[in-house]
Amino acid sequence: MKQQVLKALANPSRIFYVPYSLAVANFAIQFLIFVAFFVVQLMIYGARANPEPLIFLISVCVVHFLLATVSKSEPQLGQIVAAKIRLFKLRIPRRLAA
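Computed from a prediction, not measured in an experiment: that's the story for all the values here.

Structural notes on the packing of aromatic side chains
Logical step 1: According to the stated counting rule, one finds four aromatic pairs in the structure shown.
Logical step 2: With 6.3 Å between their ring centres and 20 degrees between their planes, Phe-27 and Phe-31 make a pair best called stacked. In this pair, Phe-27 and Phe-31 both sit in helix α2 (residues 20-45), four residues apart, roughly one turn of the helix.
Logical step 3: Residue classification places Phe-27 among the partly exposed residues on the basis of a relative accessible area of 44%.
Logical step 4: Look at Phe-31 and Phe-56: their rings are 6.5 Å apart centre to centre, the planes differ by 70 degrees, and that puts the pair in the edge-to-face class. Here Phe-56 lies in helix α3 (residues 53-73) and Phe-31 lies in helix α2, a separation of 25 residues in the sequence.
Logical step 5: A relative accessible area of 11% means that Phe-56 is categorised as buried.
Logical step 6: Taken together, the ring pairs in this structure connect Phe-27, Phe-31, Phe-34 and Phe-56 into an aromatic cluster.

As for the side chain of Asn-26
Logical step 1: Looking at the element boundaries, Asn-26 is found in helix α2.
Logical step 2: The exposure class of Asn-26 is buried, given its relative accessible area of 7%.
Logical step 3: The contact partners of Asn-26, leaving out residues within four places of it in the chain, are Val-60, Val-63, His-64 and Leu-67.

Remarks on the confidence of the model for the chain
Logical step 1: The share of residues in the chain with pLDDT of 70 or more is 81%, and the mean pLDDT across the chain is 78.
Logical step 2: Summarising per-element confidence for the chain, the mean pLDDT is lowest in helix α1 (residues 2-10) (56) and highest in α2 (89).

Overview of the packing of α2 against α3
Logical step 1: One can describe the packing of α2 onto α3 by two numbers: an axis separation of 10 Å at closest approach and a directional angle of 155 degrees. In terms of orientation, α2 lies roughly antiparallel with respect to α3. Where α2 crosses over α3, the two elements pack in a sense that is right-handed. In contact with Leu-22, Ala-23, Asn-26, Phe-27, Gln-30, Phe-31 and Phe-34 of α2, α3 contributes Pro-53, Phe-56, Ser-59, Val-60, Val-63, His-64 and Leu-67.
Logical step 2: Split by residue class, the contact of α2 with α3 holds 10 nonpolar, four polar and no charged.

Some thoughts on unusual backbone geometry
Logical step 1: A positive phi angle, close to 75 degrees, is found at Tyr-17, a residue other than glycine.
Logical step 2: With respect to the helices and strands, Tyr-17 occurs in the loop between β1 (14-15) and β2 (18-19).

Rules behind the numbers
Residues take numbers from 1 onward in each chain, read along the sequence in its written order. In keeping with the predicted nature of the model, local features appear solely for residues at pLDDT of at least 70, side-chain atom pairs appear and are counted solely at 80 or more, and the whole-chain, interface and lining totals rest on all residues. Excluding hydrogens and water, the side-chain figures rest on all heavy atoms present in the structure. Between 30 and 60 degrees the pair is tilted, below 30 it is stacked and above 60 it is edge-to-face, where a pair is any two Phe, Tyr or Trp rings, Trp via its six-membered ring, whose centres lie within 6.5 Å. A helix here means a DSSP run of H or I that spans at least four residues, while a strand means a run of E at least two residues long, and both kinds are numbered starting from the N terminus. We call a residue buried when its accessible area falls under 20% of the maximum for its residue type, exposed when it is over 50%, and partly exposed in between, using a 1.4 Å probe and counting protein chains only. For this analysis, residues touch if any pair of their heavy atoms sits within 4.5 Å. In predicted models, pLDDT denotes the confidence assigned by the predictor to each residue on a 0 to 100 scale. All axes are obtained by fitting lines to C-alpha atoms, using only the stretch in contact for helices, and the reported angles, taken between N-to-C directions, cover 0 to 180 degrees. Reported orientations rely on four angle classes, namely roughly parallel under 35 degrees, roughly antiparallel over 145, roughly perpendicular from 65 to 115, and oblique for the rest. Helix crossings fall into two classes, left-handed where the near helix is turned counterclockwise from the far one by less than a right angle and right-handed where it is turned clockwise. We call Asp, Glu, Lys and Arg charged. Ala, Val, Leu, Ile, Met, Phe, Trp, Tyr, Cys and Pro are nonpolar, and the rest, Gly among them, are polar.

Here's what the structure looks like:
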C-alpha cells in the first residue's frame, strides 16, 4: 500500500509531459486572453473584426512546450505552484512563504 501512495506522489498526473494542473491553467489563461482580444477587436473594428485563432493555438503550444521543459527538471512543479497560491490566498507574510 505504501508503494502506491509514494508512486502517486512521485509521478503526478500529466498531460503531454506537463503536470495536469499547470496544463489546465495554461489553457484556461490563454483562452481568457484570446476571448479578451476578440472582444477588444469587436469593440474597435465592429463587424470587420478578423481575430486570428492560429495565434492562440501557437501561443498555447509554445507555453506548453516551455512548461514541459521546466517541469522535466522539477517534476513537482504543479504542487509547488498550488502551494504558493494557497499561501498567497491565506495572505501569509513573505518571510514565511519562501
